[in-house]
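# Chain and residue survey
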Amino acid sequence: MKYAVLIGDGMADYPIEKLGGKTILQAARTPAMDYIAAHGNTGLAKTIPDGLPAGSDVANMSILGYDPAVYYSGRAPLEAASMGVALASDDVAFRCNLVTIEQGRIKDYSAGHISSEEAEILIETLDTELGNEELRFYPGISYRHLLVARNNLGVETECTPPHDITEKKIEEYLPGGKDGDFFSDMIKKSMIILELHPVNLKRIEEGKNPANSIWVWGQGYAPKFTPFQELYGKAGAVISAVDLLKGIGIYAGLDVIEVPGATGYLDTNYEGKANAAIEALKARDLVFVHVEAPDEAGHEGSIDKKLRAVEDFDSRIVAPILKHAKASDEPFTILVLPDHPTPISLKTHVPDPIPFAIYRTDKTDSDGAETFDEESVKKGSFGLVKASDLVGILVKAK
């Protein structure tokens, strides 16, 4: 049996008045996911355990088969692993966003989805100006970067994700608690350094949002994972544009497959990801394919972009992998799901259960769902399950 787990980050949503009371999944054209739901088995999965933040880190850890209540230590350490940054036992890794601040408010949590090339210059400047033996900045992809603090600095600091406070006054959400003043001061110093940086002056000339500040959040120590193959007896791989997913894969001992042109946004290389997944399964049992674009559109509050992202995920990821599965000589299982809802109305993650559908090429039974969406799957035979159990359900099913 071969397994493909296809994750459309943030696809789930609430009913939207402009769509006639439909959710994004109900309104979007998604024939491949609808086929999987109609010819397979469906249900709802709880990806966010009670008491943990409704982040992509927690949700995707669940989907990859790791109970966050056991393994979660913070988002940034996972990204550090993907970036090749080794953490000592007293190192605290922070996600470091490049953001746009205007009139004391976060206007754009992604600085206009700044290019990785521009961002690298800015992060290197910050490392030169603010970095020292206690602090190091590391460039990542687009607006997503890393700050590592030594000697347990900031592990108890209270931080807020920037995508949760768009258009809100930053003074009310600057880092607080222990060491909060230190990191708040660092953010303010970054504004002075970045405001007139040549990269930003050029972006302003081009009508783009400047990356005129950093924002730190999601900190934690390096986690310890039991290898995926030891837990599930399967060799697997992860395909994603974002360091978070790659980091979970690295800690789990999964192969991380790099796809040229994978951006984490609407312009990502969908075909490259689908082809890489099909190729990966020649030598492995299971592949996780993650697409960030629907989540980004949700954070932007754009109905049109989210519809496009979901439809692209269906036609350019799910459809070719489904076609390959149906033509394969080997039995094939596909699991399709979002990691969490990112409602257009809220522009941030919520912990609500998400819809999922499982299709097996060697079984013909289905359970009544006609389409893949938040309501239809409630008819499914799985009911409500714990998301971290899904991989086990897949590989143990007969």
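Residues numbered from 1 in each chain as written. Predicted model: local features only at pLDDT ≥ 70, side-chain atom pairs only at ≥ 80, totals over all residues. Heavy atoms only, no water.

On to the UniProt feature "domain: Metalloenzyme" (unreviewed entry) in the chain, then. Here, the residues flagged by UniProt with the feature "domain: Metalloenzyme" (unreviewed entry) are residues 1-396. Taken end to end, residues 1-396 comprises 34% helix and 20% strand; its first and last C-alpha atoms sit 11 Å apart. (UniProt positions renumbered as here; feature names shortened; annotations may be inferred. Helix = DSSP H or I, 4+ residues; strand = E, 2+ residues; numbered from the N terminus.)

Extensive coverage of helix H11 (residues 270-280) is indicated by the burial of eight of its eleven residues. For H11, the set of buried residues is Tyr270, Gly272, Lys273, Ala274, Ala276, Ala277, Ile278 and Ala280. For H11, the elements touching its buried residues are strand E8 (236-239), strand E9 (255-257), strand E10 (286-291), helix H12 (293-300) and helix H13 (303-327). (Buried < 20%, exposed > 50% of the residue type's maximum accessible area, 1.4 Å probe, protein only. Contact = heavy atoms within 4.5 Å.)

Here we come to the pairing of strand E2 (residues 41-46). Counted residue by residue, E2 has five buried out of six residues, so it is predominantly covered. When E2 meets strand E12 (residues 354-360), the two strands line up antiparallel, connected through five bridges. Bridged to Asn41 within E12 is Ile358. Here E2 runs beside strand E13 (residues 384-386); their pairing, made up of three bridges, is parallel. The residue of E13 that forms the bridge with Lys46 is Lys386. (Pairing = 2+ DSSP bridges.)

Let us look at the packing of aromatic side chains. Within the structure shown, the criterion is met by eleven aromatic pairs. Centroid distance Phe94 to Phe183: 4.7 Å. Interplanar angle 35°. Geometry classified as tilted. In this pair, Phe94 is assigned in strand E3 (residues 92-102) and Phe183 in helix H7 (residues 180-195), connecting sequence segments 89 residues apart. Exposure remark for Phe94: the relative accessible area of 0% places this residue in the buried category. Where Phe356 meets Phe382, the ring centres are 5.3 Å apart and the plane angle is 50°; that geometry is what we call tilted. Linking Phe356 in strand E12 with Phe382 in the loop between E12 and E13, this pair joins segments that are 26 residues apart in sequence. Its relative accessible area of 0% is what places Phe356 among the buried residues. Linked through ring pairs, Tyr66, Tyr71, Phe225 and Tyr251 together constitute an aromatic cluster. For Lys326, the ring lying beneath its charged end belongs to Tyr35, and the centroid distance is 4.1 Å. (Phe/Tyr/Trp six-rings, centres within 6.5 Å; stacked < 30°, edge-to-face > 60°. Lys NZ or Arg CZ within 6 Å of the ring centre and 35° of its normal.)

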